[in-house]
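Coordinate inspection notes
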There are 2 protein chains.
Amino acid sequence: MPDPLDNFYRQFQLFVQNNPNVISAARAAAQIPESAKAVVVLSPYSLEHSFSRDWVSKSYLKTIVERPERLLASSLGISAAITMYPALYTLKSSDRKKSSILSPHVLKVHGKDWPPELLRLCKGADAKLAAQEVEVPDSWNAGDIYLSSKTVEALQGSIGALETAIDSIFEGPSVEHVSNRAFVAVRPPGHHCHVATPSGFCLLNNAHVSIEYAKDRFGVTHAAILDFDLHHGDGTQDICWKRAGFRPDEEDEDSPGYDSFGKKFADLPRVGYFSMHDINSFPTESGYATKENVKNASTCIMDAHDVNIWNVHLSPWETEEEFARLYHTKYRSLFAKADEFFKQGKIEMAAQNKPFKGLVVISAGFDASEFEQTSMQRHGMNVPTSFYTTFTKDALRLAQMHCHGKVLSIMEGGYSDKAITSGVFAHLIGLQNQNWIKEWGSEHVVKEIVRGCKSNWKPYKTKRARDVIRIWAEEVIKLGRAMIPGFEMFFQDIPLNVKATATNIAPRFTRSRAQTTKGPSHEPPLATLDPSKEAAPRHRRIEGTGVTQEPVPFAQEELPSDDNEDEDYVYDEELNKTFNRTVEDITIDDISRHLETLDIIEQQPPPAPATQSKYKVPSKTTTQHLRSSVRPQQLANSNTHANLNGNAEDSDISMVSHISTRNHTTRSGARW
Amino acid sequence: MPDPLDNFYRQFQLFVQNNPNVISAARAAAQIPESAKAVVVLSPYSLEHSFSRDWVSKSYLKTIVERPERLLASSLGISAAITMYPALYTLKSSDRKKSSILSPHVLKVHGKDWPPELLRLCKGADAKLAAQEVEVPDSWNAGDIYLSSKTVEALQGSIGALETAIDSIFEGPSVEHVSNRAFVAVRPPGHHCHVATPSGFCLLNNAHVSIEYAKDRFGVTHAAILDFDLHHGDGTQDICWKRAGFRPDEEDEDSPGYDSFGKKFADLPRVGYFSMHDINSFPTESGYATKENVKNASTCIMDAHDVNIWNVHLSPWETEEEFARLYHTKYRSLFAKADEFFKQGKIEMAAQNKPFKGLVVISAGFDASEFEQTSMQRHGMNVPTSFYTTFTKDALRLAQMHCHGKVLSIMEGGYSDKAITSGVFAHLIGLQNQNWIKEWGSEHVVKEIVRGCKSNWKPYKTKRARDVIRIWAEEVIKLGRAMIPGFEMFFQDIPLNVKATATNIAPRFTRSRAQTTKGPSHEPPLATLDPSKEAAPRHRRIEGTGVTQEPVPFAQEELPSDDNEDEDYVYDEELNKTFNRTVEDITIDDISRHLETLDIIEQQPPPAPATQSKYKVPSKTTTQHLRSSVRPQQLANSNTHANLNGNAEDSDISMVSHISTRNHTTRSGARW
């Protein structure tokens, strides 16, 4: 089986060759222990889940914003971060791991009914779709939930990727072999999924499933979920109520085990939920919100009734100063509350003489981005791209204080390519505690990168040598597109097996409300289908079905049409100059700065002796062992905090190491 | 018809004679315009509502903490404030005003069904009670709701008193004739009463009824309810949701006028709700709270979906510094939110070219007091007595900024005599923007005052001249007991008409849970009755029924048994000395300090020209017109802000004025 990252590694070698100033960083990579790197887990199976009602109108299709193409946008964000700090990320592809939807950690979160029901519906979906019937039950919102038999693979792959990430941050032959931070680029998202009710594109609650796995496998007792998606994570919050012992809304009133107030004892792990979101967007879209939904999205309670939930609503802002004030006075309070949660958890565990083990989980949705498409941002509640760095760095600080630095970040929403790419970029920069450079988030730079999200992307025919941004952006695009081989296949319009023509498909579905215009409106983004109205027939490639139609257009409403036109290009001298400088600065200084800042944020020593967040720049001799794959005996002394074992795959250590391996047949970097 | 305050005025004259240093204050009273005084509205009818199931056990009876005697405790608090600032309060008795439970402002708040149903139940209660049946429907919590035919009078009197207070702060021949601040001592309380569901002692929502009246009569468009009762005002909050256009929980799902999300347009007045409470007490008592109740008590939402609700939970504290930090970082945020609410309201009204008129309403419950009985304070979440001054002064500041200084305060909970007396005292000091002197809230001082809450109170036989606290406390007690003549009757064990014996009443009721111990427990204060268990027979005087039994014992669990024993008295030299000094200081300086502080808090000029909060010390000639009863023509120029008319009763102006009237046949104070 070929390494799914082979393409990427090849592309990365070319990148290094094209950019000699990266060499010093790649060289230094060998000096950096795995514990100082962030793992990025790719989930190729996530491509498999796609909207397959191929009889709907093109305009209806456009409302299906949760699409496989989002993964490519996130890949471009990941590659952008990698080009800036090539030594600081370890890329892993979770292409070999599928985990069952009926895994114990899934069943514990979602109960014994929902996961098998989901499986059954997915398995029956294809037949329904072929018969041009809606594949989801009537009681669901068919406008935001879709299924196919392939959805099962996507979900199995997601669970596997989440497990891979948790394993990566908790498991290794020594603390220095274990990354503390991981970002998982999966879809469909999870935070709207309740105990037994899918909602808002979400079929399983990825955050809670990950936490349950981390509890089962590594004894995590307390997790704080920080959610910066534009939308309230109502499902995640509901499952927190369930964990607190309250009967889920989906359960019968006479379900056993609850007292007459609908509660039983709370179990470990304790999970706090801390969210910032727009109170006028789904599931509390203005004009479409119920009292119950609004209350849920506005709940603020700490350390009472076994519940820790804090919801903050986004406010409008004009200037950067205004946003900074909002951040520091309002949004940042989420960290104060999460800090309270962990502190109280430590006290309670200590009182029971039990070990405390914390984890910070980020529900990383990028739809609050200033770059999100207007249909999603109709209420104008957004955050600057730099927010994703700032917030993430605060999350690291929280994790340093209470969780030995452990942070798991999971992709949630974010629908325009620009929002996802720039958001993931800034988020990953934050996940390595680096500073965001404003120019990286400029309209011009983002526009250049997201060109690579188009199926028919081609490099510019002509580039001027001084045109740093274009040159850099094309490197990013090449790296990002090489990251998930599935994407290339997905884009290649390969012949499929199923035969269907456009004209013989009866019109069936359209939006329940005709309004599909951009800009502020009262239409909820996830309106229900009205199965009785006209709709233009629509062509949809379905993998393995032989349809040879046009590829699915992206819902890239924000992309100007001139993106591919070389001649329209206006050279931005000033931005290029600044950008050039920042890129050079970074590739020279990155590693020392990185180590420095990580030292600074160590504000409070963890209660158990732990070395992974306190290392010094290791010399070649002392770090030699980090590059030997299995020496657990010699590492026994540093194996102090928990759950370390010998089964870490050294081959995963980082893509820079891979490069050096491939070029020099050694991972020591000595020959650089 | 004799003036119901005659007794009080006589007592006040004695007080002045006994305390020559009060004379200067009384003299200065004539100089102070009514607009600088706070109105205190007494509601004698509130005595009529009493628990009348006279067959229940004594221990059950003890759990009925919402009892007529609470009014006496509040009267002692009122008189304590009056002794400190005799010139600054206008006492009014609302003994001549009963307003219908079917008044438009009641029906608008509670719908067309609940008020007549309440009337019907009250009218049918006596027959049920006589038959030893529970007088409230089975679906209600009979442990916290009780009725009798007399309840109707209490409610009619309450509504009348609330109207009197609103009239007092909005109506007068000129702005200088109109008080800006009023405290209404009514019971039963109101903040747990929903649109059509009584709860937690509450039968009608006094705060909302007042606001509706203020809207109908004086055009109030925006009201902020600040609620510092220990318990969440779930009813008040629910009615805010109703005002925002959301269908009340009590209404059928198919009730007309709502969209499919259960909402219609929001109407004026807009009402924001800002509450601090214990999240582990009723209606979210730990172990007895539903998920829905907890969500309600933890809702925080501003300016979205037509809702403005902010709930803050009480935290424990040890030192005064800790409490000060809690207050400034947490509880005080209620004012920031209420400020946001008013600011946004002004913007919205201006945009529609409509007048804005604001009102601050305080739901003044005193059960969070450090002096509340332990059964109510089982979770130990309390506030120091000084809090009631501090919070109230902040409320004045808010009202100065947005509401021309208009503040209506309504008594809610508070169950031990000590909590009510000290809380009302501190609250009224705050309502006149004065400083609270720590010694006033000392255990010793409060203990001396609440002696006067006992039915068999007698002055000490011996008093030493230097014993300032005892001397002062007895003045307070005499004034307070003289305030509501009904109380004297209530205490005099006069023969009644109905005949019943203790022994022939079958035991019927007890608490559903046996636990009636003090201290932290999981028992909700308002548990339901279990109508099948044993209970000791219990004697209960029912007015007009001829029962000649012992008077009802108070639920004064906190009162030490040695309160009446002269010989147990330990003279506290130090406290007496301090207290003496503070009393002297105050009666000399009060008026100038008062005017000074009111000037300071004028932070933002009201948008409409208004003079009532910007006056200077008036000279005798310029204030002469204030003491003439009807000169509206000459006052036309100052009658600038709204709703002033000529029907104010000048005779209400202040009890100090009354004193001077009675002694000197002139209200000018010139002969003092």
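Quick caveat: nothing in here was measured; it's all calculated off a predicted structure.

1. Observations regarding the overall build of chain A
- If you tally the helices and strands in chain A, you get 20 helices and 11 strands.
- Within the span of chain A, comprising 672 residues, buried residues form 65% of the whole.
- Summarising the internal contacts of chain A: among those between residues at least 6 apart in sequence, 80% fall at separations of at least 24.
- Here chain A displays about 24,000 Å² of accessible surface, and carbon together with sulfur accounts for 52% of that area.

2. Structural notes on the environment of Pro116 of chain B
All names here are of chain B.
- Here Pro116 lies in helix H6 (residues 114-130).
- In this structure Pro116 comes out as partly exposed when scored by relative accessible area, which is 32%.
- Separated by 15 residues in the primary sequence, Pro116 and Ile101 have C-alpha atoms spaced 7.7 Å apart.

3. Regarding the pattern of salt bridges
Residue and element names in this part refer to chain B.
- All told, the structure shown has 56 salt bridges over all chains when counted by the stated rule.
- Here Glu340 and Lys337 are joined by a salt bridge, their closest N and O atoms 3.2 Å apart. Taken together, the residues span about one helical turn, with Glu340 and Lys337 both in helix H12 (residues 333-351) at a distance of three residues.
- Relative accessible area serves as the criterion here: at 15%, Lys337 is assigned to the buried category.

4. Side note on unusual backbone geometry
- Across the junction of Arg187 of chain B and Pro188 of chain B, the peptide omega takes the value 0°, indicating a cis bond.
- Going from Phe282 of chain B to Pro283 of chain B, the amide bond is cis rather than trans, its omega being 0°.
- Inspection of the secondary structure assignment puts Pro283 of chain B in the loop between strand S5 (270-277) and helix H10 (291-296).
- One non-glycine residue with positive phi stands out, namely His404 of chain A, at about 50°.
- Turning to its location among the elements, His404 of chain A is positioned in the loop between helix H13 (386-402) and strand S9 (407-411).
- Backbone geometry places Asp306 of chain B, a non-glycine residue, at a positive phi of 65°.
- Structurally, Asp306 of chain B can be placed in the loop between strand S6 (300-304) and strand S7 (307-313).

5. Things to note about the packing of aromatic side chains
- Scanning the model with the defined rule gives 58 aromatic pairs over all chains in all.
- Between the aromatic rings of Phe425 of chain B and Trp472 of chain B, the centroid separation amounts to 6.1 Å while the plane-to-plane angle is 35°, which identifies the pairing as tilted. Here the residue Phe425 of chain B occupies a position in helix H14 (residues 417-431), and Trp472 of chain B occupies one in helix H16 (residues 468-483), the gap between them amounting to 47 residues. Summarising the burial analysis for this pair, Phe425 of chain B and Trp472 of chain B share the class buried.
- Ring-pair connections join several aromatic residues into one group, and the members of that group are Phe228, Trp317, Phe323, Tyr327, Tyr331, Phe335, Phe366, Phe387, Tyr388 and Phe391 of chain A.

6. Things to note about the interface of chain A and chain B
- Facing the 28 residues of chain A at the interface are 28 residues of chain B.
- Surface buried jointly by chain A and chain B totals about 2,400 Å² across both partners, of which 59% is contributed by carbon and sulfur atoms.
- On the chain A side of the interface with chain B, the three residues burying the most area are Phe261, Lys291 and His305 of chain A, jointly 29% of the side's total.
- Remark: the boundary between chain A and chain B carries two salt bridges.
- Between Lys291 of chain B and Asp249 of chain A there is a salt bridge whose closest N-O contact spans 3.0 Å.

7. A closer look at the relation of the copies chain A and chain B
- Mapping chain A onto chain B calls for a screw motion: a turn of 180° about the axis and a shift of 0.0 Å along it, with 0.0 Å RMSD after fitting. Such values leave the two copies arranged in the relation of a two-fold axis. Distance from the rotation axis, computed per C-alpha, reaches its smallest value in chain A at Thr299 of chain A: 2.3 Å.
- Comparing interface residues between copies, 96% of those in chain A also sit at the interface in chain B, which points to an isologous, same-surface contact.

8. Comments concerning the pairing of strand S8 (residues 358-364) of chain B
Residue and element names in this part refer to chain B.
- The element S8 is largely enclosed, with a buried count of seven among its seven residues.
- Here strand S4 (residues 222-227) pairs with S8 via six bridges, running parallel. Each residue of the ladder has a partner; that of Ile225, found in S8, is Val361.
- Pairing between S8 and strand S9 (residues 407-411): five bridges, direction parallel. Bridge pairing in S9 links Ala364 to Met411.
- The parallel pair S8 and S9, bridged by helix H13 (residues 386-402), forms a crossover whose chirality is right-handed.

9. Some words on the sheet that holds strand S1 (residues 38-42) of chain B
Residue and element names in this part refer to chain B.
- Taken in spatial order, the nine strands make up an open sheet running S2-S1-S3-S9-S8-S4-S5-S7-S6, and their pairing is mixed. Unpaired on one side and paired on the other, strand S2 (89-93) and S6 mark the two borders of the sheet. Strand-to-strand twist in this sheet, taken as the mean axis angle between neighbours without regard to direction, amounts to 15°.
- In this structure, S5 lies alongside S7, joined through five bridges in parallel fashion. When the bridges of S7 are listed, His277 appears paired with His313.

10. Overview of the confidence of the model for chain A
All names here are of chain A.
- Put simply, chain A has an average pLDDT of 78, and 72% of its residues get 70 or more.
- For residues 492-565, every residue scores under 50 in pLDDT, and the model assigns this stretch 182 contacts once sequence neighbours within four places are set aside.
- Counted against residues more than four places away or in other chains, residues 588-672, with its pLDDT under 50, gives 174 contacts.
- Scored by ipTM, the complex comes to 0.79, with pTM at 0.81.

11. So, the pairing of strand S1 (residues 38-42) of chain A
All names here are of chain A.
- Counting buried residues in S1 gives five out of five residues, a clear majority hidden from the surface.
- Here S1 shows two buried faces, one formed by Ala38, Val40 and Leu42 and the other by Val39 and Val41.
- Two strands pair when backbone bridges link them, and S1 and strand S3 (residues 181-185) are joined in this way by five bridges, in the parallel orientation. Across the sheet, residue Ala38 finds its bridge partner in S3, namely Arg181.
- Sheet analysis places S1 next to strand S2 (residues 89-93), joined by five bridges and oriented parallel. When the bridges of S2 are listed, Ala38 appears paired with Tyr89.

12. A word on the UniProt feature "domain: Histone deacetylase" (unreviewed entry) in chain A
- The UniProt record marks residues 96-427 of chain A with the feature "domain: Histone deacetylase" (unreviewed entry), using the residue numbering of this structure.
- Here residues 96-427 of chain A is 40% helix and 13% strand, with 26 Å between the C-alpha atoms at its ends.

13. Some thoughts on the environment of Thr299 of chain B
- Within the element layout of this structure, Thr299 of chain B appears in the loop between H10 and S6.
- Under the relative-accessibility criterion, Thr299 of chain B is labelled buried at 0%.
- Spatially, the C-alpha atoms of Thr299 of chain B and Ala185 of chain B are 29 Å apart, while their sequence positions differ by 114 residues.
- When neighbours within four sequence positions are excluded, Thr299 of chain B is seen to be in contact with Lys295 and Ser298 of chain A together with Gln237, Trp241, Ile309, Trp310 and Asn311 of chain B.

14. Here we look at the state of the cysteines
- Taken as a whole and assessed by the stated rule, the structure comprises zero disulfides over all chains.
- Cys202 of chain B provides the cysteine sulfur closest to Cys193 of chain B, a residue in no disulfide bond, and the two sulfurs are 6.9 Å apart.

Thresholds applied
Sequence order as written defines the numbering, with residues in each chain counted from 1. As they are written, the chains are lettered A onward and the ligands numbered 1 onward, keeping that order. It should be noted that, the model being predicted, local features are given only for residues of pLDDT at least 70 and side-chain atom pairs only at 80 or more, the latter also being counted only at that level, while totals for whole chains, interfaces and linings use all residues. Side-chain numbers here rest on the full set of heavy atoms in the structure, without hydrogens or water. Comment: elements are numbered from the N terminus, with helices defined as DSSP H or I runs of at least four residues and strands as E runs of at least two. Each residue is assigned to one of three classes by its accessible area relative to the maximum for its type, calculated with a 1.4 Å probe on protein chains only: buried under 20%, partly exposed between the two thresholds, exposed over 50%. For this analysis, residues touch if any pair of their heavy atoms sits within 4.5 Å. Accessible areas in this description were obtained via Shrake-Rupley with a 1.4 Å probe; residue shielding takes into account the shown protein chains only. Think of a salt bridge as a Lys or Arg side-chain nitrogen and an Asp or Glu carboxyl oxygen that are within 4 Å of each other. Stacked, edge-to-face and tilted are the three classes for Phe, Tyr and Trp ring pairs, Trp counted by its six-membered ring, which pair at centre distances within 6.5 Å; planes under 30 degrees apart are stacked, over 60 edge-to-face, the rest tilted. Once two parts are brought into contact, the accessible area they lose, counted with a 1.4 Å probe and summed over both, makes up the buried area. In superposing the copies, a least-squares fit is computed on C-alpha atoms, taking residues whose pLDDT is at least 70 in both. Between any two strands, pairing holds if DSSP finds at least two bridges. Seen with the strands pointing away from the viewer, any crossover whose path from the first strand over the helix to the second strand runs clockwise is right-handed. Only the stretch in contact is used when a helix axis is fitted, and all axes are lines through C-alpha atoms; the angle between N-to-C directions ranges over 0 to 180 degrees. pLDDT is defined as a per-residue confidence score from the predictor, taking values between 0 and 100. UniProt positions are given in the numbering used here, feature names are shortened, and annotations may be inferred rather than shown by experiment. Defined by distance alone, a disulfide is two cysteine sulfur atoms within 2.5 Å.

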